[in-house]
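# Tertiary structure, described
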Amino acid sequence: MVRSLSVLGATGSIGASTLDLVRRNRADWRVVALTANSSVLDLARLAHEFSAELAVVADEAQLPALREALAGSGIAVAGGAQAVVEAAARGADVTVAAIVGCAGLAPTMAAIEQGGIIALANKEALVSAGEVMTAAVTRYGATLLPIDSEHNAIFQCLSGNDLDHVRSITLTASGGPFRDWSAERLSAATPAEAVRHPNWDMGAKISVDSATMFNKGLELIEAHYLFPVGLDRLRIIVHPQSVVHSMVEYRDGSTLAQLGPSDMRVPIASALAWPARMDTPCAPLDLAAIGELTFRAPDEERFPATRLARQAAEAGGAIPAVLNAANEVAVAAFLAGQIAFTRIAAQVDHVLGCFAPAPPASLADVLAVDAEARARTRELAASA
């Protein structure tokens, strides 16, 4: 049966991996909408290749170039942030939500309101609006399937089991490029060093998040909303090989783990084919060649991000949105050379300590909190 698909963030790494799988199973999919932030030529190429019904560029200034690139194709075009939301609201059997950061929040919510399957790669949306978003999933009968390798691993390990039987859920973390660096060396880390992840090929922002361990902190909050077993049952462990993607321990002492290569096409394929399975071009694991799998506790002195994230999750309400917004701005400041690497967590901690808004009741409330937290963090970065 042919299923319809929209990809929000089609030109990013998750979008590219998704469309690679679709390309290999072309007869199974009808592409409804593809969106991009500003990469017009890549977007137009993909829209042509997959015969998309609609192509949308978020940067409205790029709309004339998109129109020109797709002239005569019969593919509808649109531009601007609201157009991205409207593309998501068209509805599809599966919507891959892969827009990075809080920019993906409104489009993801629009897709949820259509009641289909949302393959979620935008962890910031669930972190910022977890309570609002999970309530919408229930209200509109949508299905939320995580694409993050860790959450997809948990989803697979929980299949057919009851959350009441879970003793603990463990998120694994590679530890990033700086896992063995001293505190003194961390203070001098450069953006070029921070984005060189040892295991995964990712964008700049998520690579820095991996280096600070904020990525794992955000994933902890995301897991709290996706798998509500209680924060006391959610754990993090550093696993440098990135072979075990997460584990679920049950009350009988059994621990189920999902293993796989460091290739995002594996969790994406799991979500696209669910509840079935699909072929991927990924090489099977060769455990003999890998040789050993090691694990160690996270160091929250050198990497305080996971501690800050757990505290934000415990506080609940708007606090996770504050943490996410402050982190996004601080990471951008670091990448721009405005602040030192170790100042990212310090600035997030400062904003969390001085800004405690009321719990959000709507998406508009979340966006207002996000905007205020960003403004406060920018002021802090500017004065650094």
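The structure this text deals with has already been given above.
Predicted model only: the values in this text are computed from it and were never measured.

Within the fold, Glu 328 resides in helix 15 (residues 319–335). A relative accessible area of 15% means that Glu 328 is categorised as buried. A polar contact is formed between the side chain of Glu 328 and the side chain of Arg 374, at a distance of 2.8 Å. Look past the residues within four positions of Glu 328 in its chain and what remains in contact with it is Gly 101, Cys 102, Glu 124, Lys 205 and Arg 374.

Below, the discussion takes up the nonpolar core. Ranked by size, the top nonpolar core spans 92 residues in total, and within it Phe 178, Leu 323 and Ile 344 carry the most contacts. The element that contributes the greatest number of residues to this core is helix 15, accounting for 10 residues. Among residues more than four places away in sequence, those in contact with Phe 178 are Leu 186, Ala 189, Glu 193, Ala 194, Ala 211, Arg 302, Phe 303 and Phe 341. Formed by 38 residues, the second largest nonpolar core is a distinct cluster that contains Ala 10, Val 22, Val 40 and Leu 46.

Turning next to unusual backbone geometry. Here the amide bond leading from Trp 274 into Pro 275 is cis, since omega sits at 5 degrees, within 30 degrees of zero. Within the secondary structure layout, Pro 275 lies in the loop between helix 12 (265–273) and helix 13 (287–290). Its identity is not glycine, yet Ser 51 carries a phi of approximately 50 degrees, on the positive side. Looking at Ser 51, the relative accessible area reads 52%, which means it is exposed.

Now for the pattern of salt bridges. With the rule as written, the count across this model stands at 20 salt bridges. The residue Arg 374 makes a salt bridge to Asp 370 at a minimum N-O spacing of 2.6 Å. Residue Arg 374 and its partner Asp 370 are located together in helix 17 (residues 363–382), separated by 4 residues, close to a single helical turn. The burial state of Arg 374 is the same as that of Asp 370; both residues are buried. One salt-bridge network, held together by shared partners, links Asp 20, Arg 23, Arg 24, Glu 49, Asp 263 and Arg 265.

The next point concerns the sheet that holds strand 4 (residues 76–79). As summarised here, the arrangement of the 7 strands in space is 4-3-2-1-5-6-7, forming an open sheet in which the pairing is parallel. Of all strands in the sheet, those with a lone pairing partner are strand 4 and strand 7 (143–146), marking the two edges. For this sheet the average axis-to-axis angle between neighbouring strands, irrespective of direction, equals 20 degrees. The sheet strands contacting helix 1 (residues 13–24) are strand 1 (3–8), strand 2 (29–36) and strand 5 (94–97), and the helix crosses strand 1 at an angle near 160 degrees. Strands strand 1, strand 2, strand 5, strand 6 (117–120) and strand 7 of the sheet are contacted by helix 12, whose axis makes an angle of about 140 degrees with strand 1.

Now for helix 7 (residues 149–158). Judged by how many residues are buried, helix 7 sits mostly within the fold: 9 of 10 residues are covered. Within helix 7 the residues assigned to the buried category are Ser 149, Glu 150, His 151, Asn 152, Ala 153, Ile 154, Gln 156, Cys 157 and Leu 158. Buried-residue contacts for helix 7 involve strand 7, strand 8 (166–173), helix 11 (214–226), strand 10 (244–250), strand 11 (255–259) and helix 12. Count one or two residues on from helix 7 and you reach Gly 160, which has phi positive near 80 degrees.

With that out of the way, let us pick up helix 1. Residue pairs three or four apart in sequence face the same way in an α-helix, which turns once every 3.6 residues. In a regular helix each residue adds 1.5 Å, so 12 residues correspond to 16 Å; helix 1 covers 17 Å between its end C-alpha atoms and thus fits that length. Along helix 1, the positions that sit buried rather than exposed are Ile 14, Gly 15, Ser 17, Thr 18, Leu 19, Asp 20, Leu 21 and Val 22. Where helix 1 is buried, its residues meet strand 1, strand 2, helix 2 (40–49), strand 5 and helix 12.

Below, the discussion takes up the pairing of strand 2. Where burial is concerned, most of strand 2 is hidden: 7 out of the 8 residues are buried. Sheet topology places strand 1 next to strand 2; 6 bridges connect them, and they run parallel. Paired with Val 7 across the two strands is Leu 34, which belongs to strand 2. In this region the chain leaves strand 1, passes through helix 1 and returns to the parallel neighbour strand 2; the handedness of that crossover is right-handed. Remark: the strand 2/helix 2/strand 3 (residues 54–57) crossover connection has right-handed handedness.

A few words on the packing of aromatic side chains. Across all of its chains, the model carries 4 aromatic pairs by this definition. Plain terms: the ring middles of Phe 178 and Trp 181 are 4.2 Å apart, the flat faces sit at 40 degrees to each other, and that makes the pair tilted. Judged by relative accessible area, Trp 181 falls into the buried class, the value being 12%. Aromatic side chains Phe 334 and Phe 341 sit 5.6 Å apart centroid to centroid with 70 degrees between the ring planes, which places their arrangement in the edge-to-face category.

Turning next to a nonpolar patch on the surface. Taken together, the side chains of Leu 259, Leu 285, Leu 287, Ile 290, Leu 293 and Phe 295 make up a nonpolar region of the molecular surface, amounting to roughly 440 Å² of accessible area. Tracing the chain through its elements places Leu 285 in the loop between helix 12 and helix 13.

Moving on, we get to the sheet that holds strand 11. The strand order across the open sheet formed by 4 strands is 9-8-10-11, and the pairing between neighbours is mixed. One side of each edge strand has no neighbouring strand; the edge strands of this open sheet are strand 9 (234–238) and strand 11. Averaged over all adjacent pairs, the angle separating strand axes in this sheet is 20 degrees, with direction ignored. Those strands touched by helix 7 are strand 8, strand 10 and strand 11, and its axis lies near 35 degrees from that of strand 10.

Basis of the calculations
- Residues numbered from 1 in each chain as written.
- Predicted model: local features only at pLDDT ≥ 70, side-chain atom pairs only at ≥ 80, totals over all residues.
- Heavy atoms only, no water.
- Helix = DSSP H or I, 4+ residues; strand = E, 2+ residues; numbered from the N terminus.
- Buried < 20%, exposed > 50% of the residue type's maximum accessible area, 1.4 Å probe, protein only.
- Polar contact = N/O pair within 3.5 Å; in protein donor to acceptor, adjacent residues only side chain to side chain.
- Contact = heavy atoms within 4.5 Å.
- Core = buried A, V, L, I, M, F, W, Y, C linked by side-chain atoms within 4.5 Å.
- Salt bridge = Lys/Arg side-chain N within 4 Å of Asp/Glu carboxyl O.
- Pairing = 2+ DSSP bridges.
- Axes fitted to C-alpha atoms, helices over the stretch in contact; angles between N-to-C directions.
- Expected span 1.5 Å × (residues − 1).
- Right-handed = clockwise from strand over helix to strand, strands pointing away.
- Phe/Tyr/Trp six-rings, centres within 6.5 Å; stacked < 30°, edge-to-face > 60°.
- Patch = residues over 30% accessible without salt bridge, like charges linked within 9 Å, V, L, I, M, F, W, Y side chains within 5 Å.
- Areas by Shrake-Rupley, 256 points an atom, 1.4 Å probe, with all protein chains shown as cover.

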